[in-house]
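# A closer look at the structure
Listed below, chain by chain, are the residues.
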Amino acid sequence: MLVIFARNCIPFVHNRASIKRRKTMNTKMKLRSAIVILLSALLVLSIAGCSKKVPKKEEKKPPKPKKVTEKQEKNRKAAYSAYKTVIEQNQTAINTYSWQTIPTIDTYNRRGIDRPISLCDIDGDKIPELFFFTANNEYEAQMHIYTFSGKEAVELSYDGFNEGSYSGKFADQQAAAGTSYVVYKGKEANTLYIYDSNGDDSMFYNIHKYTMKNSKLELVQTLTNVVGHDDNGKITDVYKRNGKAVPNAEGGKSFTNSFAQLDKAIIFSTYREENNVSLWKKFSFDGALCISYEQAIAKLSEK
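Being a predicted model, the structure only gives us computed values, none of them experimental.

The rules we used
Residues numbered from 1 in each chain as written. Predicted model: local features only at pLDDT ≥ 70, side-chain atom pairs only at ≥ 80, totals over all residues. Heavy atoms only, no water. Axes fitted to C-alpha atoms, helices over the stretch in contact; angles between N-to-C directions. Helix = DSSP H or I, 4+ residues; strand = E, 2+ residues; numbered from the N terminus. Parallel < 35°, antiparallel > 145°, perpendicular 65-115°, else oblique. Left-handed = near helix turned anticlockwise from the far one by under 90°. Contact = heavy atoms within 4.5 Å. Nonpolar A, V, L, I, M, F, W, Y, C, P; charged D, E, K, R; others polar. Polar contact = N/O pair within 3.5 Å; in protein donor to acceptor, adjacent residues only side chain to side chain. Core = buried A, V, L, I, M, F, W, Y, C linked by side-chain atoms within 4.5 Å. Buried < 20%, exposed > 50% of the residue type's maximum accessible area, 1.4 Å probe, protein only.

Let us now look at the packing of helix α2 (residues 70–89) against helix α5 (residues 293–300). Put simply, α2 and α5 touch, their axes get as near as 9 Å, and they point 150° apart. By the angle between their directions, the pair α2 and α5 is classed as roughly antiparallel. Relative to α5, the crossing made by α2 is left-handed. Contacts between α2 and α5 involve Tyr80, Ser81, Tyr83, Lys84, Ile87 and Glu88 from the first element and Tyr293, Ala296, Ile297, Lys299 and Leu300 from the second. Tallied by class, the residues present in the contact of α2 with α5 amount to seven nonpolar, one polar and three charged.

Turning our attention to the side chain of Asp123. Relative to the assigned elements, Asp123 resides in the loop between β1 (117–120) and β2 (129–135). A polar side-chain atom of Asp123 sits 3.4 Å from the main-chain amide nitrogen of Asp125. Beyond its immediate chain neighbours, meaning those up to four positions away, Asp123 contacts Glu129, Asn190 and Met212.

This next bit is on the nonpolar core. Nonpolar side chains tend to gather and get buried jointly when the protein is soluble and globular. By size, the foremost hydrophobic cluster in this structure holds 46 residues, and its most contacted members are Phe131, Met143, Tyr158, Val182, Val183, Leu192 and Tyr195. Where this core is concerned, the elements lending two or more residues are β2, β3 (140–148), β6 (180–186), β7 (191–199), β8 (203–213), β9 (216–229), α4 (248–260) and β12 (262–269). Those residues in contact with Met143, other than ones at most four positions away along the chain, are Phe131, Phe132, Phe133, Tyr158, Lys169, Phe170, Val183 and Ile194. Residues Ile94, Leu119, Tyr146 and Leu300 belong to the second largest nonpolar core, which totals 20 residues.

What follows concerns the environment of Ala288. By secondary structure assignment, the location of Ala288 is in the loop between β12 and α5. Judged by relative accessible area, which is 8%, Ala288 ranks as buried. Residues Ala288 and Val182 lie 106 residues apart in sequence; the distance between their C-alpha atoms is 9.8 Å.

Purely spatial values, then, with no claim about function.
This is the structure we're talking about:
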């Protein structure tokens, strides 16, 4: 009986081991299949993610310029007519200013670039102000600024040039090292800047900043930098803001910030290559707004 029992048990044991092996193999196959499916899914998602385009950020479009109204256009035409009369009345004095120039043109016994007139809207009313230089001699030309009151052209006064030989107006003086200057519209609303330099043994650099409101120019800041020598021959370099001395680093930064405000160069002239003045790199001579007397007459005659 024991033999018979043993013989009968052997197949049973073998059968149980076989079943267990088959279950283990099935489990492994299922696990492998699951891993393959998971890896395939991850691959598909990865490819889809790579192929998906990243949406571009929308660039902000600059605001569209406001349309000129019929009234503004009517006022512009009236202003142009009034300005034309002003420069015609000053034609001789305008043409006497012959030394407006650039470094490549020597005005000795010859005329310069002859672009002493400009039009630029400072106060944002769609009607440009009129800028021009006149000279009654061969060494000093003064800058005039006109605006339109709605009825007539009115000359604007501006502070900052009330001492010495300036007589209340900025002047291009043909003496010593000569005068270099840039009159420009600022990026801030209603702002006007006048940069100039002149000198001989010492060099004087100046910036006058104005705001224009209610047809008036108000001086809001003056910057000066004087470079010279003391009694011992040592170089001096002094900065001032509104008449008060400031540290050189602060003064230099104020000049740089003022130059960075250039929006449009209105009128300019320079004998010298002022490589130390970054303002000259912020506009091109041809791109400035100033024009000749003949060009101004043609423009102001437009209907």
